[in-house]
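Chain residues, written in single-letter form:
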Amino acid sequence: MNGTGRADGSAGEALPAGARPLVSALMFSAGLLGNLLALALLLRGRRGARQRPPALFHVLVLALVVTDLLGTCSVSPLVLASYHRNLTLTSLARGGHICLYFGFAMSFFGLATMLILFTMALERCLALGRPYFYERFLSPRTGLVALPAIYTFSAALCSLPLLGFGRYVQYCPGTWCFIQMHLEPHRGLDVAFSLLYATLLLLLIVAVLLCNLSVMANLARMHRRGQRSRRLAAPEQPRGAAGCGRRMFSMAEEIDHLLLLSIMTITFVICSLPFTIRAYVNKLSEAEGDHGWDLLALRFLSINSIVDPWVFAILRPPVLRLMRSVLCCQLSPAAPGGHAVASAVTKLPARPHLCGQ
């Protein structure tokens, strides 16, 4: 059937002797629990802030968690069913339809998750770098347009192997199906699609890193402006303190967003690079590929949707405040005339502070 095949070289229908479902069951449990926990925390946070419309960043975070949850629930039960029946994915249904579905779902949800992460980074970049454009043209409703566009693009791209450009193949021990990464004679288009997919992931990595660097540069400028404002506001007492306090609160919130986004980006890079490297190695090398390394790259790619919700669940406001304190306050240089400014500022009314907000 067009679009499917086996990369593990196994001819039988049964799983290899010694194949155990423990790792797959643990991954499914961790992914399901983490996504449900993150979703509950997001919904609870929204109940406590009903008077305010959700920010676009929070809409995208919710979409990321829901996408990861759907991805986990779409493929992991098939792996467990394969172990339970002691049959490979291609043998669970005639024609290899389950393998095709599994490969499509893996590639679709993986790409959609990474595109949402890029959209989150771009949103923060525009919010700080182009605030007037952001306020005029972007709103939470933008997410209702961006998300269908992301899902449509991901579905269209991941449908190409079903149309003959690329293949979804089964990997050893027979419980995984994904894009064909190994070069075979007279089937260059199969590996070309894996190269296309890997190149897109690489471009997303570079784009997210550039957006995060832009956010860091804008936060540094905000910090310098805030220091000047505090020095000027100190003699003016409460009047300047209110505006200074609002700026400090805004910067603290932006740093929280950056910390969350940066750790998700690090996870994204670690999980995506092995697949990207293997795709290029298999394309450039004429030697017989190592399917063990291909499978390892595939497993790294699948871990991303498991780790992301746990990052969000662990990095709650108290943890972010602690990280912000370590990264910002203890590394910030003392301002000239700091003692005089500090003594004047202590007389001001209480206001949000970058270190303790």
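Quick note: structure is the one above.
A brief report on the enclosed structure follows. Computed from a predicted model, the values in this text were never measured in an experiment. (Residues numbered from 1 in each chain as written. Predicted model: local features only at pLDDT ≥ 70, side-chain atom pairs only at ≥ 80, totals over all residues. Heavy atoms only, no water.)

## Things to note about the overall build of the protein
Step number 1: The helix and strand tally for the protein stands at 11 helices and 3 strands.
Step number 2: Taken from the N to the C terminus, the helices and strands of the protein come in the order β-α-α-α-α-α-α-β-β-α-α-α-α-α.
Step number 3: About 17800 Å² of surface is accessible on the protein, with carbon and sulfur atoms providing 67% of the total. (Helix = DSSP H or I, 4+ residues; strand = E, 2+ residues; numbered from the N terminus. Areas by Shrake-Rupley, 256 points an atom, 1.4 Å probe, with all protein chains shown as cover.)

## Quick look at the nonpolar core
Step number 1: In this structure, Leu111, Met120, Phe178 and Phe275 are the most contacted members of the largest nonpolar core, which totals 83 residues.
Step number 2: Among residues more than four places away in sequence, those in contact with leucine 111 are Phe153, Ser154, Leu157, Cys158, Tyr197, Leu200, Leu201 and Leu204. (Core = buried A, V, L, I, M, F, W, Y, C linked by side-chain atoms within 4.5 Å. Buried < 20%, exposed > 50% of the residue type's maximum accessible area, 1.4 Å probe, protein only. Contact = heavy atoms within 4.5 Å.)

## Some points on the state of the cysteines
Step number 1: In this structure the tally under the stated criterion is 1 disulfide.
Step number 2: Covalent S-S linkage joins cysteine 99 and cysteine 177, the inter-sulfur distance amounting to 2.0 Å. The sign of the -110° torsion about the S-S bond sets the cysteine 99-cysteine 177 disulfide as left-handed. With cysteine 99 in helix α4 (residues 97-129) and cysteine 177 in strand β3 (residues 176-179), this residue pair connects regions lying 78 residues apart in the sequence.
Step number 3: When its relative accessible area of 0% is taken as the criterion, cysteine 99 is described as buried. (Disulfide = S-S within 2.5 Å.)

## So, empty space enclosed by the protein
Step number 1: All chains considered together, the criterion is met by 1 cavity of 30 Å³ or more.
Step number 2: Here the largest cavity is characterised by a volume of approximately 350 Å³.
Step number 3: Around the largest cavity, the lining is made up of 24 residues, and of these Gly71, Val75, Met106, Ser302 and Ser305 lie nearest the centre.
Step number 4: Partitioned by chemical class, the residues of the lining of the largest cavity number 13 nonpolar, 10 polar and 1 charged. (1 Å grid on protein atoms, 1.4 Å probe; cavity = no way out; pocket = protein on both sides within 12 Å on 5 of 7 lines; lining within 4 Å. Points joined across faces, edges and corners; volume = space filled by probe spheres on them. Nonpolar A, V, L, I, M, F, W, Y, C, P; charged D, E, K, R; others polar.)

## Let's talk about the packing of α4 against helix α6 (residues 140-158)
Step number 1: As a packed pair, α4 and α6 sit with axes 9 Å apart at the nearest point and diverge in direction by 145°. Here the hand of the crossing between α4 and α6 comes out right-handed. Together, Phe104, Ser107, Phe108, Leu111, Ala112, Leu115, Ile116 and Thr119 of α4 and Leu147, Ile150, Tyr151, Phe153, Ser154, Ala155, Leu157 and Cys158 of α6 make up the contact between the two elements.
Step number 2: Taken together, the residues of the contact of α4 with α6 sort by class into 13 nonpolar, 3 polar and no charged. (Axes fitted to C-alpha atoms, helices over the stretch in contact; angles between N-to-C directions. Left-handed = near helix turned anticlockwise from the far one by under 90°.)

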